[in-house]
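# Survey of secondary and tertiary structure
Residues per chain are reported as follows:
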Amino acid sequence: MRRLLINILCGFVWNRKKRNILRMELNNPIRKWVKFAKSFSDEKHPKIKNTSGYRCGNFVVCVDDRWVFKFPIKTDGKEISIREKRIVDALRPISPIKIPEMEILDFEGLAVRKYEFIKGVGFHKLPREKQNKIADKIATQLAKYLYEIGCADPVEIRDLKSRPTDKTSIMHGWCQNDLWDNFIMDEKTFDVIAIIDWEGAGFNDFYGTFINGTGNSAVKIALLREYLRLGIHEK
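## Structural notes on the pattern of salt bridges
Under the criterion given, the structure shown has 21 salt bridges. Here Asp 197 ties to Lys 70 by a salt bridge, and the two come within 3.0 Å at their closest N and O atoms. On the criterion of sequence distance, the pair formed by Asp 197 in the loop between strand E9 (192-195) and strand E10 (202-205) and Lys 70 in strand E3 (residues 67-72) is long-range, its members being 127 residues apart. Taking the relative accessible area as the measure of exposure, Lys 70 reaches 9% and is therefore buried. Ionic pairing is found between Arg 225 and Asp 136, a salt bridge with its closest N-O pair at 3.3 Å. On the criterion of sequence distance, the pair formed by Arg 225 in helix H7 (residues 217-234) and Asp 136 in helix H6 (residues 135-151) is long-range, its members being 89 residues apart. A network of salt bridges, in which partner residues are shared, links Lys 70, Glu 84, Arg 113, Asp 197 and Glu 199.

Right, here's the structure in full:
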């Protein structure tokens, strides 16, 4: 009956994104989750920011601009958390761009992911004019990152490939798979300082990084050019 009433109430919210967020908040113990996240703060009055993850699959709590917590909604989160942690732990020493530290916590049977917070600005939040201005700079840094991660084949995560014997090749290898909304830049220098959100990472073709998603086409062209230059140079 409770879920029926919630669905009826949410039906009055016309915006789909807002409707999904409201349903998520009404169907889950949000207050308990926030209280748990706040317990990691040293402040008397912690600074809290809440949001929903991709397709409302997680509830995200940021504490004091120091920690980020992801509470799983659709599952207990254990399998996907362990997989993500194995990937980031294996690729962190290889990546030329920082991959934030990650820890898995237990909260009433849920696998809660705790991340180091990275202060900066997302590329997608910059005006298009500014994006175009720093396109070559960003492309150089991201190409090096894509190339080195894509060429890597850590033994400890080979079993996570769809085919463990699969080999790396041009635009085929380990990839974060959702780059354009998930790299953080320094607010002053606009250097790329971190790649976040590795939940969807995998060993696969990643040519879509250069043509799909929300990225600026000018930056994508520059990124592709620089990535191919690296590949030719190495050969």
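## Thoughts on the environment of Glu 116
Looking at the element boundaries, Glu 116 is found in strand E5 (residues 110-116). Since its relative accessible area comes to 26%, Glu 116 is described here as partly exposed. Between the C-alpha atoms of Glu 116 and Cys 62, which are 54 residues apart in sequence, the distance is 9.9 Å. Not counting the four nearest positions on each side in its chain, Glu 116 is found in contact with Arg 66, Trp 67, Lys 98, Pro 100 and Glu 101. Of note is the side chain of Glu 116, whose polar atom sits 3.3 Å from the side chain of Lys 98.

## Notes on the environment of Ile 48
As for its placement among the helices and strands, Ile 48 is situated in strand E1 (residues 48-52). With relative accessibility at 28%, the residue Ile 48 sits in the partly exposed group. What Ile 48 contacts, discounting residues up to four positions off in sequence, is Val 34, Lys 38, Val 61, Cys 62 and Val 63.

## Focus on the pairing of strand E4 (residues 102-107)
As paired elements, E4 and E5 share 6 bridges and run antiparallel to each other. If you follow Met 102 over to E5, its bridge partner there is Tyr 115. Here E4 hands over to E5 after 2 residues, with Glu 108 in that stretch at a positive phi of 50 degrees.

Cut-off values and rules
- Residues numbered from 1 in each chain as written.
- Predicted model: local features only at pLDDT ≥ 70, side-chain atom pairs only at ≥ 80, totals over all residues.
- Heavy atoms only, no water.
- Salt bridge = Lys/Arg side-chain N within 4 Å of Asp/Glu carboxyl O.
- Helix = DSSP H or I, 4+ residues; strand = E, 2+ residues; numbered from the N terminus.
- Buried < 20%, exposed > 50% of the residue type's maximum accessible area, 1.4 Å probe, protein only.
- Contact = heavy atoms within 4.5 Å.
- Polar contact = N/O pair within 3.5 Å; in protein donor to acceptor, adjacent residues only side chain to side chain.
- Pairing = 2+ DSSP bridges.

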